Amino acid sequence: MAINLHLLRLFRTVAECRSFSRAAEALHISQPAVSKGVRELESQLRCVLVERNPGGIGLTEAGTLLLAHAVDLFAVERRAEEDLQALRGLAQGELHVGASTTIATYVLPRILGAFQDAHPDLQLRLTSANTQEVAERLLARDIDVALVEGPVEHPSLSAHPWLFDDLVVIVAPDHPLAQMGKTLVPADLDQVRHIVREAGSGTREVVGTALEACGIRPDRVMEVGSTEAIKQVVAAGLGIAMVSAAAAKDQIALGRLKVLSVEGLALRRPLYRLTITGHHLKFAAAAFEQFICQAEFGSGERMPD
């Protein structure tokens, strides 16, 4: 028969106080209730635990043995409560964030730094991959938080916009389009080579949708596996690209890239938090998601509530 933990707690208090009356005071219940509880426990265990005498109470051999186990058991209970409280307070534990490449490289560093400052004892991990891979890792429970650049359609996932990101059209300063000296129209982009991310990239999907809306379907495309590499390829004069303004800022400041103004080309996109429908977030993940939804960051404009 399983030991009733409530009755065991009554017995432990009686054994430590060596008195039914003092145990009742400590537990804030009546003395008859304490006495009844100990008798019920003895009945369940089929042994005498407490010897009553005029000077108080003593423990039988069985009572002494059970008290030792009760002390250990309730110590484990206390440690469990303390550990859970630490998790709720983010004084321990781990948070694994998965983010698509642009977010991981250009948006998250400042955010993670601020969150770590607020919770210095929390262990943080960051995994960078394309949008599709991040979604797959969230579904596999390999990461706790998923931040991506494009919407993901999956029956088990929900996408929540949390930050705006502006894309810019970049070229080398000596590229023919940079020399035209006028605001371009989408048709001007039709006959040039486009440098794009790999399939599965959120940026590629957003750029493709924007171009499609303008009737542009580039025939000349060069696929490159990272935004950093795209910037270098564009700076070398091999074509044009559309990347996050945050990603291009450094090379634009150095004069290695130039931003083209293209009339009618909408290049503002939301960034998304992905969640698994019906899945309960761990304490650290819930705190981080609340943090990124409420804070203001210079790398992007927060979505309105």
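Every chain's residues receive numbers from 1 upward, in the order its sequence appears when written. Totals for whole chains, interfaces and linings use all residues, but because this is a predicted model, local features are given only for residues with pLDDT of at least 70 and pairs of side-chain atoms are given and counted only at 80 or more. Hydrogens and water molecules were not included; the side-chain quantities draw on all heavy atoms of the structure.

Quick word on the pattern of salt bridges
Salt-bridge detection follows one rule: a side-chain nitrogen of Lys or Arg within 4 Å of a carboxyl oxygen of Asp or Glu. If you walk through the whole model with that rule in mind, you get 13 salt bridges. The closest approach of N and O atoms between Arg269 and Asp165, which form a salt bridge, is 2.8 Å. With a gap of 104 residues between them, Arg269 in strand β11 (residues 268-276) and Asp165 in strand β6 (residues 157-171) connect regions that are remote in the sequence. In this scheme, a residue with accessible area under 20% of its type's maximum is buried, one over 50% is exposed, and one in between is partly exposed, where area comes from a 1.4 Å probe on protein chains only. Using a relative accessible area of 4% as the deciding quantity, one classes Asp165 as buried. For Glu198, the salt bridge identified is with Arg197, shortest N-O distance 2.9 Å. Overall, Glu198 belongs to the buried group, its relative accessible area being 17%. The exposure class of Arg197 is buried, given its relative accessible area of 4%. Strands are runs of DSSP state E lasting at least two residues, helices are runs of H or I lasting at least four, and both sets are numbered from the N terminus onward.

A short note on helix α9 (residues 245-253)
Residue pairs three or four apart in sequence face the same way in an α-helix, which turns once every 3.6 residues. All of the buried residues along α9 are Ala246, Ala247, Ala248 and Gln251. Packed against the buried residues of α9 are α5 (101-118), β6, α8 (227-235) and β9 (241-244). At the exit of α9 stands Gly255, carrying a positive phi of roughly 80°. In what follows, residue pairs with any heavy atoms lying within 4.5 Å of each other are defined as contacts.

With respect to the environment of Val48
With respect to the secondary-structure elements, Val48 resides in the loop between α3 (31-45) and β1 (50-53). Those residues in contact with Val48, other than ones at most four positions away along the chain, are Glu42, Thr60, Ala62 and Gly63.

Description of helix α1 (residues 5-17)
How far a helix is expected to stretch is found by multiplying one less than its residue total by 1.5 Å. An ideal rise of 1.5 Å per residue puts 18 Å on 13 residues; α1 measures up with 18 Å between its terminal C-alpha atoms. Turning to α1, its buried residues are Leu7, Leu8, Leu10, Phe11, Arg12, Thr13, Val14 and Ala15. In the analysis that follows, any N or O atom pair within 3.5 Å is treated as a polar contact, provided that within protein one partner can donate a hydrogen and the other can accept it, and provided that, for residues neighboring in sequence, both atoms belong to side chains. N-capping of α1 is provided by Asn4, with a side-chain oxygen placed 2.9 Å from the backbone N of His6.

Some remarks on the packing of aromatic side chains
Note on aromatic pairs: each is described by the distance of the centres and the angle between the planes. Between the rings of Phe, Tyr and Trp (Trp by its six-membered ring), a pair exists once the centres lie within 6.5 Å; its type follows the angle of the planes, with under 30 degrees stacked, over 60 edge-to-face, and the other angles tilted. Counted according to the given criterion, the structure contains two aromatic pairs. Here Phe115 and Phe288 contribute two aromatic rings whose centre-to-centre distance is 5.0 Å and whose plane-to-plane angle is 80°, an arrangement assigned as edge-to-face. You can see Phe115 sitting in helix α5 and its partner Phe288 sitting in helix α10 (residues 283-294), a full 173 residues away along the chain. We classify Phe115 as buried; its relative accessible area is 1%. An aromatic cluster is present here, built from Phe115, Phe288 and Phe291 joined pairwise through their rings. Between the NZ or CZ atom of Arg268 and the centre of the ring of Phe164, over which it lies, the distance is 4.7 Å. Put simply, a charge is over a ring when the Lys NZ or the Arg CZ is close to the ring centre, within 6 Å, and near the line of the ring normal, within 35 degrees.

Let's talk about the side chain of His175
Relative to the helices and strands, His175 resides in the loop between β6 and β7 (194-196). When near neighbours in sequence (up to four residues on either side) are disregarded, His175 contacts Val192, Gly239 and Ile240.

A look at the packing of α1 against α3
Note on definitions: angles span 0 to 180 degrees between N-to-C directions of axes, and those axes are lines fitted to C-alpha atoms, for helices only across the stretch in contact. At a closest axis distance of 9 Å, the pairing of α1 and α3 adopts a crossing angle of 115°. As summarised for this structure, α1 and α3 are arranged roughly perpendicular, according to the angle between their axes. α3 is crossed by α1, and the crossing has left-handed handedness. Here α1 contributes Leu7, Leu8, Leu10, Phe11 and Val14 to the contact with α3, which in turn contributes Ala33, Val34, Gly37, Val38, Glu40, Leu41 and Gln44. Polar here means any residue outside two lists: the nonpolar Ala, Val, Leu, Ile, Met, Phe, Trp, Tyr, Cys and Pro, and the charged Asp, Glu, Lys and Arg; Gly therefore counts as polar. When the residues that make up the contact of α1 with α3 are grouped by side-chain class, the tally is nine nonpolar, two polar and one charged. Each angle is binned into one of four classes, with values under 35 degrees roughly parallel, values over 145 roughly antiparallel, values of 65 to 115 roughly perpendicular, and all other values oblique. If you view the pair so one helix is near and one far, a crossing is left-handed when the near helix is turned anticlockwise from the far one by less than a right angle, and right-handed when it is turned clockwise.

Describing unusual backbone geometry
Positive phi, close to 55°, is recorded for Arg18, a residue that is not glycine. On the secondary structure map, Arg18 appears in the loop between α1 and α2 (20-27). Positioned with a positive phi, Arg46 is a non-glycine residue whose angle comes to about 60°.

Overview of the environment of Pro151
Position of Pro151 relative to the elements: it lies in the loop between β5 (145-148) and β6. Residues Pro151 and Asp190, 39 residues apart in the sequence, show an inter-C-alpha distance of 26 Å. Not counting chain neighbours up to four residues away, the residues in contact with Pro151 comprise Glu205 and Tyr272.

Things to note about the nonpolar core
Nonpolar cores are built from buried Ala, Val, Leu, Ile, Met, Phe, Trp, Tyr and Cys residues. Side-chain atoms within 4.5 Å join them into one set. Counting 21 residues, the largest nonpolar core has Leu95, Val97, Leu108, Leu147, Trp162 and Phe288 as the members making the most contacts within it. Every element with two or more residues in this core is listed here: β3 (94-100), α5, β5, β6 and α10. If sequence neighbours within four positions are ignored, Leu95 has contacts with Phe115, Leu122, Gln123, Leu124, Arg125, Asp144, Val145, Ala284, Ala285 and Phe288. Counting residues in hydrophobic clusters, the runner-up holds 20 residues, among them Ala15, Ile57, Leu66 and Phe74.

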